[in-house]
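# Analysis of the macromolecular model
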Amino acid sequence: KNQVEQSPQSLIILEGKNCTLQCNYTVSPFSNLRWYKQDTGRGPVSLTIMTFSENTKSNGRYTATLDADTKQSSLHITASQLSDSASYICVVSAIGNQFYFGTGTSLTVIP
Amino acid sequence: GAGVSQSPRYKVAKRGQDVALRCDPISGHVSLFWYQQALGQGPEFLTYFQNEAQLDKSGLPSDRFFAERPEGSVSTLKIQRTQQEDSAVYLCASSPPRQEGTREQYFGPGTRLTVT
(Lines give C-alpha, C1' and ligand atoms only; values in the text may rest on other atoms or scores of the structure.)
Protein backbone atom coordinates (compact mmCIF):
# COMPACT_ATOMS: atom_id res chain seq x y z
CA LYS A 1 0.00 0.00 0.00
CA ASN A 2 1.32 3.46 -0.88
CA GLN A 3 1.84 5.40 2.31
CA VAL A 4 3.68 8.45 3.58
CA GLU A 5 4.48 8.73 7.26
CA GLN A 6 5.89 11.77 9.01
CA SER A 7 7.49 12.30 12.36
CA PRO A 8 7.28 13.84 14.80
CA GLN A 9 3.58 14.66 14.75
CA SER A 10 4.30 17.95 16.48
CA LEU A 11 7.35 19.87 17.57
CA ILE A 12 8.03 22.95 19.67
CA ILE A 13 11.37 24.72 19.39
CA LEU A 14 12.91 27.98 20.51
CA GLU A 15 13.41 30.74 17.98
CA GLY A 16 16.87 30.53 16.44
CA LYS A 17 17.24 26.79 16.93
CA ASN A 18 17.48 24.20 14.18
CA CYS A 19 15.15 21.25 13.67
CA THR A 20 14.74 18.25 11.41
CA LEU A 21 11.49 16.69 10.25
CA GLN A 22 11.28 13.15 8.93
CA CYS A 23 9.32 11.51 6.14
CA ASN A 24 9.23 7.79 5.31
CA TYR A 25 7.34 6.48 2.32
CA THR A 26 6.40 3.28 0.57
CA VAL A 27 5.12 4.84 -2.65
CA SER A 28 6.00 3.00 -5.83
CA PRO A 29 6.82 3.64 -8.61
CA PHE A 30 8.42 6.76 -7.22
CA SER A 31 8.38 9.95 -9.26
CA ASN A 32 9.28 12.78 -6.89
CA LEU A 33 9.04 14.00 -3.31
CA ARG A 34 7.92 17.44 -2.22
CA TRP A 35 7.84 19.31 1.04
CA TYR A 36 5.07 21.82 1.58
CA LYS A 37 4.51 24.44 4.26
CA GLN A 38 0.92 25.02 5.27
CA ASP A 39 0.09 28.01 7.41
CA THR A 40 -3.10 27.82 9.44
CA GLY A 41 -6.09 28.53 7.24
CA ARG A 42 -4.06 28.58 4.04
CA GLY A 43 -3.34 26.15 1.26
CA PRO A 44 0.02 24.33 1.16
CA VAL A 45 2.94 26.14 -0.45
CA SER A 46 5.77 24.23 -2.07
CA LEU A 47 9.22 24.43 -0.45
CA THR A 48 11.25 21.84 -2.36
CA ILE A 49 10.79 19.14 -4.95
CA MET A 50 13.26 16.30 -5.52
CA THR A 51 13.37 13.62 -8.16
CA PHE A 52 14.95 10.19 -7.86
CA SER A 53 18.43 11.40 -8.81
CA GLU A 54 18.56 14.30 -6.34
CA ASN A 55 19.57 13.73 -2.74
CA THR A 56 19.52 17.29 -1.44
CA LYS A 57 17.75 20.52 -2.28
CA SER A 58 17.86 23.84 -0.49
CA ASN A 59 15.46 26.76 -0.38
CA GLY A 60 16.82 29.46 1.90
CA ARG A 61 16.87 28.14 5.44
CA TYR A 62 15.12 24.94 4.35
CA THR A 63 17.18 21.95 3.22
CA ALA A 64 15.56 18.71 2.12
CA THR A 65 17.35 15.40 1.72
CA LEU A 66 16.23 12.27 -0.04
CA ASP A 67 17.50 8.71 0.25
CA ALA A 68 15.64 6.82 -2.46
CA ASP A 69 17.18 3.52 -1.38
CA THR A 70 15.79 3.65 2.14
CA LYS A 71 12.75 5.70 1.04
CA GLN A 72 13.39 8.40 3.58
CA SER A 73 13.45 12.17 3.39
CA SER A 74 14.16 14.90 5.89
CA LEU A 75 13.52 18.61 6.02
CA HIS A 76 16.04 20.61 8.02
CA ILE A 77 15.17 24.12 9.13
CA THR A 78 18.07 26.32 10.16
CA ALA A 79 17.90 29.27 12.55
CA SER A 80 14.16 28.99 12.99
CA GLN A 81 11.94 32.05 12.98
CA LEU A 82 8.51 32.65 14.47
CA SER A 83 7.09 32.68 10.94
CA ASP A 84 8.23 29.09 10.48
CA SER A 85 5.36 28.01 12.74
CA ALA A 86 3.19 25.95 10.42
CA SER A 87 2.40 22.42 9.35
CA TYR A 88 5.01 20.78 7.11
CA ILE A 89 3.67 18.17 4.75
CA CYS A 90 5.64 15.57 2.82
CA VAL A 91 4.08 14.58 -0.50
CA VAL A 92 5.29 11.71 -2.65
CA SER A 93 4.24 11.49 -6.25
CA ALA A 94 3.94 8.19 -8.04
CA ILE A 95 4.43 7.84 -11.76
CA GLY A 96 0.94 8.18 -13.19
CA ASN A 97 0.04 11.43 -11.47
CA GLN A 98 -0.96 10.09 -8.06
CA PHE A 99 0.02 12.22 -5.08
CA TYR A 100 0.30 10.76 -1.58
CA PHE A 101 0.30 13.16 1.36
CA GLY A 102 1.68 12.64 4.83
CA THR A 103 -0.32 13.85 7.81
CA GLY A 104 2.18 16.60 8.45
CA THR A 105 4.37 17.80 11.30
CA SER A 106 3.02 20.74 13.25
CA LEU A 107 5.92 23.04 14.11
CA THR A 108 5.63 25.77 16.72
CA VAL A 109 8.48 28.23 17.14
CA ILE A 110 8.39 30.12 20.41
CA PRO A 111 10.34 33.26 21.34
CA GLY B 1 -0.48 37.02 -11.31
CA ALA B 2 -3.49 35.67 -9.50
CA GLY B 3 -3.19 32.35 -7.75
CA VAL B 4 -5.77 29.62 -7.31
CA SER B 5 -8.92 30.99 -5.75
CA GLN B 6 -11.71 29.13 -4.05
CA SER B 7 -15.16 30.18 -2.95
CA PRO B 8 -16.74 30.35 -0.57
CA ARG B 9 -13.94 30.34 1.99
CA TYR B 10 -16.33 29.11 4.66
CA LYS B 11 -19.56 27.22 4.32
CA VAL B 12 -21.91 26.01 7.02
CA ALA B 13 -24.52 23.54 5.89
CA LYS B 14 -27.22 21.66 7.71
CA ARG B 15 -27.07 17.91 7.42
CA GLY B 16 -28.87 16.85 4.28
CA GLN B 17 -28.26 20.05 2.34
CA ASP B 18 -26.43 20.13 -0.97
CA VAL B 19 -23.35 22.33 -1.34
CA ALA B 20 -21.25 23.51 -4.28
CA LEU B 21 -17.65 24.55 -3.90
CA ARG B 22 -15.91 26.51 -6.61
CA CYS B 23 -12.30 26.53 -7.75
CA ASP B 24 -10.73 29.03 -10.14
CA PRO B 25 -7.35 27.66 -11.20
CA ILE B 26 -4.43 29.69 -12.44
CA SER B 27 -5.01 30.70 -16.05
CA GLY B 28 -3.46 28.24 -18.47
CA HIS B 29 -3.16 25.40 -15.97
CA VAL B 30 -4.50 22.24 -17.57
CA SER B 31 -4.49 20.01 -14.51
CA LEU B 32 -6.78 20.50 -11.55
CA PHE B 33 -6.98 18.48 -8.36
CA TRP B 34 -9.43 18.37 -5.48
CA TYR B 35 -8.39 17.27 -1.99
CA GLN B 36 -10.19 16.79 1.30
CA GLN B 37 -8.31 17.73 4.46
CA ALA B 38 -9.74 16.72 7.80
CA LEU B 39 -8.69 18.61 10.92
CA GLY B 40 -5.12 17.80 11.86
CA GLN B 41 -4.61 15.57 8.83
CA GLY B 42 -2.87 15.86 5.51
CA PRO B 43 -4.89 16.39 2.35
CA GLU B 44 -6.42 13.33 0.76
CA PHE B 45 -6.89 13.05 -2.97
CA LEU B 46 -10.44 13.23 -4.29
CA THR B 47 -10.30 13.72 -8.04
CA TYR B 48 -8.18 14.99 -10.94
CA PHE B 49 -8.98 16.76 -14.21
CA GLN B 50 -6.90 17.34 -17.27
CA ASN B 51 -8.67 20.14 -19.10
CA GLU B 52 -12.34 19.15 -19.01
CA ALA B 53 -11.69 15.43 -18.71
CA GLN B 54 -12.00 13.85 -15.30
CA LEU B 55 -9.17 11.32 -15.47
CA ASP B 56 -9.29 10.01 -11.94
CA LYS B 57 -12.10 10.11 -9.42
CA SER B 58 -10.96 7.21 -7.33
CA GLY B 59 -10.72 9.33 -4.18
CA LEU B 60 -14.32 10.49 -4.09
CA PRO B 61 -15.68 8.92 -0.88
CA SER B 62 -19.20 8.26 -2.09
CA ASP B 63 -21.63 8.88 -4.91
CA ARG B 64 -22.77 11.97 -3.05
CA PHE B 65 -19.60 13.67 -4.26
CA PHE B 66 -19.49 14.96 -7.81
CA ALA B 67 -16.98 17.19 -9.56
CA GLU B 68 -17.06 18.87 -12.92
CA ARG B 69 -14.95 21.15 -15.05
CA PRO B 70 -17.07 21.62 -18.17
CA GLU B 71 -14.92 24.16 -20.00
CA GLY B 72 -11.54 23.09 -18.72
CA SER B 73 -11.07 26.04 -16.40
CA VAL B 74 -13.34 26.61 -13.39
CA SER B 75 -14.26 23.49 -11.45
CA THR B 76 -17.09 22.79 -9.05
CA LEU B 77 -17.15 20.13 -6.35
CA LYS B 78 -20.69 19.28 -5.38
CA ILE B 79 -21.66 17.35 -2.29
CA GLN B 80 -25.21 16.13 -2.07
CA ARG B 81 -27.09 15.36 1.15
CA THR B 82 -24.18 16.48 3.30
CA GLN B 83 -23.27 14.44 6.36
CA GLN B 84 -21.31 15.48 9.43
CA GLU B 85 -18.33 13.43 8.32
CA ASP B 86 -18.09 15.67 5.24
CA SER B 87 -16.88 18.50 7.49
CA ALA B 88 -13.37 19.31 6.32
CA VAL B 89 -11.33 21.76 4.32
CA TYR B 90 -11.61 21.18 0.60
CA LEU B 91 -8.48 22.19 -1.25
CA CYS B 92 -8.11 22.78 -4.94
CA ALA B 93 -4.76 22.75 -6.74
CA SER B 94 -3.78 23.38 -10.33
CA SER B 95 -0.69 22.53 -12.36
CA PRO B 96 0.75 24.01 -15.53
CA PRO B 97 1.38 21.87 -18.60
CA ARG B 98 4.84 20.46 -17.92
CA GLN B 99 6.82 17.27 -17.86
CA GLU B 100 4.77 15.08 -15.57
CA GLY B 101 7.57 14.14 -13.24
CA THR B 102 8.18 17.60 -11.85
CA ARG B 103 4.84 19.25 -12.36
CA GLU B 104 4.25 21.71 -9.53
CA GLN B 105 0.91 22.02 -7.77
CA TYR B 106 -0.37 25.39 -6.69
CA PHE B 107 -2.97 25.27 -3.96
CA GLY B 108 -5.88 27.52 -3.25
CA PRO B 109 -6.73 28.64 0.30
CA GLY B 110 -9.42 26.01 0.65
CA THR B 111 -13.09 26.02 1.57
CA ARG B 112 -13.85 25.06 5.14
CA LEU B 113 -17.11 23.13 5.18
CA THR B 114 -18.90 22.59 8.47
CA VAL B 115 -21.95 20.35 8.49
CA THR B 116 -24.17 20.79 11.52
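Refer to the preceding data block for the structure.
Here the structure is a predicted model, which means the values were calculated and not measured.

Our focus in this paragraph is the overall build of chain B. Broken down by element type, chain B carries 0 helices and 11 strands. Its helices and strands in sequence order give chain B the pattern β-β-β-β-β-β-β-β-β-β-β, from N to C terminus. Scaling as 2.2 N^0.38, a compact globule of 116 residues should have a C-alpha radius of gyration of about 13 Å, and chain B matches this with 13 Å. Projected onto its principal axes, the C-alpha positions of chain B cover 40 × 25 × 25 Å.

This next bit is on the interface of chain A and chain B. A common way to state how big an interface is: give the accessible area lost once the parts meet. Contacts between the two partners involve 21 residues from chain A, matched on the other side by 22 residues from chain B. Both sides together, the interface formed by chain A and chain B hides about 1,600 Å², and carbon and sulfur atoms give 46% of it. The interface formed by chain A and chain B includes 1 salt bridge. Between Glu 104 of chain B and Arg 34 of chain A there is a salt bridge whose closest N-O contact spans 3.2 Å. Across the contact surface, chain A and chain B share 5 residue pairs in polar contact (both at pLDDT 80 or more). For the side of chain A that touches chain B, the elements supplying multiple residues, two or more each, are β4 (30-38), β5 (45-51) and β10 (98-101) of chain A.

Glancing now at the packing of aromatic side chains. The full count for this structure, using the stated rule, is 12 aromatic pairs over all chains. A centroid spacing of 6.5 Å and a plane angle of 40° characterise the contact between Phe 65 of chain B and Tyr 90 of chain B, whose relative ring orientation is tilted. Remark: Tyr 90 of chain B occurs in strand β9 (residues 88-95) and Phe 65 of chain B occurs in strand β7 (residues 65-68); sequence separation between them is 25 residues. When its relative accessible area of 5% is taken as the criterion, Phe 65 of chain B is described as buried. Among the aromatic residues, those joined into a ring-pair cluster are Tyr 36, Phe 99 and Phe 101 of chain A together with Phe 33, Tyr 35, Phe 45, Tyr 48 and Phe 107 of chain B. Over the face of the ring belonging to Tyr 62 of chain A we find Arg 61 of chain A, whose NZ or CZ atom lies 5.7 Å from the ring centre.

Bringing the pattern of salt bridges into the picture now. All names here are of chain B. Going through the model one piece at a time under the given rule, you end up with 6 salt bridges over all chains. Of the charged contacts, one joins Arg 64 and Asp 86 as a salt bridge, the two residues approaching to 2.8 Å between their closest N and O atoms. Placement of Arg 64 in the loop between β6 (53-56) and β7 and of Asp 86 in the loop between β8 (75-79) and β9 is noted, with a sequence separation of 22 residues between them. Neither Arg 64 nor Asp 86 differs from the other in exposure class; each is buried. With a closest N to O distance of 3.3 Å, Glu 68 and Lys 78 form a salt bridge. Of this pair, Glu 68 sits in strand β7 while Lys 78 sits in strand β8; the two residues are 10 residues apart in sequence, bridging distant segments of the chain. Judged by relative accessible area, which is 32%, Lys 78 ranks as partly exposed.

Our focus in this paragraph is the pairing of strand β4 (residues 31-37) of chain B. Two faces make up the sheet, and in a regular strand the side chains alternate between them. Residues and elements named next belong to chain B. Counting buried positions along β4 yields 7 of 7 residues, so the element is predominantly enclosed. Side chains of β4 alternate between two faces, with Ser 31, Phe 33, Tyr 35 and Gln 37 and Leu 32, Trp 34 and Gln 36 buried alike. In this structure, the hairpin formed by β4 and strand β5 (residues 44-50) is closed by a connection of 6 residues, where Gly 40 is found at a positive phi of approximately 75°.

Once that is clear, we can look at the sheet that holds strand β1 (residues 5-7) of chain B. All names here are of chain B. Across the sheet, 4 strands lie side by side as β1-β3-β8-β7; this open sheet has antiparallel pairing. In this open sheet, the two strands that pair with only one neighbour each are β1 and β7. Strand-to-strand, the axes of this sheet are offset by a mean angle of 15°, without reference to chain direction. Summarising the sheet, β1 and strand β3 (residues 19-24) pair through 3 bridges and their orientation is antiparallel. Bridge pairing links Gln 6 to Cys 23 in β3.

Parameters at a glance
- Residues numbered from 1 in each chain as written.
- Chains lettered and ligands numbered in written order.
- Predicted model: local features only at pLDDT ≥ 70, side-chain atom pairs only at ≥ 80, totals over all residues.
- Heavy atoms only, no water.
- Helix = DSSP H or I, 4+ residues; strand = E, 2+ residues; numbered from the N terminus.
- Rg over C-alpha atoms; globule rule 2.2 N^0.38 Å.
- Contact = heavy atoms within 4.5 Å.
- Buried area = accessible area lost by both parts, 1.4 Å probe.
- Salt bridge = Lys/Arg side-chain N within 4 Å of Asp/Glu carboxyl O.
- Polar contact = N/O pair within 3.5 Å; in protein donor to acceptor, adjacent residues only side chain to side chain.
- Phe/Tyr/Trp six-rings, centres within 6.5 Å; stacked < 30°, edge-to-face > 60°.
- Buried < 20%, exposed > 50% of the residue type's maximum accessible area, 1.4 Å probe, protein only.
- Lys NZ or Arg CZ within 6 Å of the ring centre and 35° of its normal.
- Pairing = 2+ DSSP bridges.
- Axes fitted to C-alpha atoms, helices over the stretch in contact; angles between N-to-C directions.

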